[in-house]
Amino acid sequence: MSDWAFSPAWRAQLAQAGARPPLRPRLALLWRGQAVGSVEPDWLQAFQAAGGERFFERQGQHLACQAPDDAALAEMAQVMREAGLAGPWRNELLALDSDAGEPLGRIERGTVRPLALNTQAVHLVGQAPDGRLWVQRRALSKPNDPGLHDTLMGGMIAAADGLQGALARETWEEAGLRLEQLEDLRYGGPLRICKPSRDAQGMGYMRETLHWYRCTVPQGVVPVNQDGEVDAFELLSPTEVVARMEAGQFTTEAALVLVAAFAVD
């Protein structure tokens, strides 16, 4: 039996956790006439009461964003923040793409879960030459999944970075490693995750594409966090990783990536 033999029942639970519908009905959100996300009616009511009436127009079961450009989106994001209706604020712009994948603009990271906008993230799976796996434990100060295990590196892709730039930047910030130090670095593929989010007082929704890579971390090379978002790194055997994953000690995103990388069907 493979060291990466996951329980079929647990894998089924993981698949469900990565494809959960919204907790409540949502209004489809349009920008520039294209579908980009959705919002909860209660969120919309609270946002309009906080001074955001000018940013949205109800069109039947759809909601049209009236912000004409990125600058207006930034104003809208600030109203969301001041009203306590945004997610964690990072002063970081993410790409705003349509559901069809067309680039439309840029928007503050703190808005993406309340508006259920499409986002992109990158993960790096790092193995030692002996087959053990480097994993991180997320800092307890993280707003999402504090203290849980994650891949060697995992982070959202900023608009200014693109995929390759985010891979390099996040690998350095989270693990203190340069891509040139790694061996056999290769792209694994994309994964899709959709699930409710606690952002915006529990009215958010996550729709994200996870791009994952794998590599070998050479003997003697040890990851060291640079940005304070990781409490520790551990080098674990496959059987220990599987045990902790099935015990719920990994984020859903990391678990999906690791199953894609190692599961034996």
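We now turn to the structure provided with this report. (Residues numbered from 1 in each chain as written. Predicted model: local features only at pLDDT ≥ 70, side-chain atom pairs only at ≥ 80, totals over all residues. Heavy atoms only, no water.)

This part takes up the environment of Ala-35. Following the sequence through the fold, Ala-35 ends up in strand β2 (residues 34–39). Looking at Ala-35, the relative accessible area reads 35%, which means it is partly exposed. Leave out the neighbours within four places in its chain, and Ala-35 touches Leu-29, Leu-30, Ser-98 and Asp-99. (Helix = DSSP H or I, 4+ residues; strand = E, 2+ residues; numbered from the N terminus. Buried < 20%, exposed > 50% of the residue type's maximum accessible area, 1.4 Å probe, protein only. Contact = heavy atoms within 4.5 Å.)

Before going further, it helps to spend a moment on the pairing of strand β7 (residues 118–127). Among the 10 residues of β7, 9 are classified as buried, and the element is accordingly described as predominantly covered. The sheet contact formed by β7 and strand β12 (residues 204–216) spans 10 bridges and is parallel. Across the sheet, Val-122 pairs through a bridge with His-211, a residue of β12. Where β7 meets strand β10 (residues 153–156), 4 bridges bridge the pair, whose relative direction is antiparallel. Paired with Val-122 across the strands is Gly-155, a residue of β10. When β7 meets strand β8 (residues 133–138), the two strands line up antiparallel, connected through 2 bridges. Of the residues in β8, the one forming a bridge with Gln-127 is Leu-133. Linking β7 back to β8 in an antiparallel pair, the connection comprises 5 residues, with Gly-131 at a positive phi of about 95 degrees. (Pairing = 2+ DSSP bridges.)

Taken together, the buried positions of helix α6 (residues 238–246) are occupied by Pro-238, Val-241, Val-242, Arg-244 and Met-245. Down the axis of α6, the smallest arc covering the buried residues is 165 degrees, so these residues share one side. Tucked inside the fold, the buried residues of α6 contact α1 (8–17), β8, β9 (149–150), β13 (230–236) and α7 (252–262). At the exit of α6 stands Gly-248, carrying a positive phi of roughly 80 degrees. (Arc of directions from axis to C-beta.)

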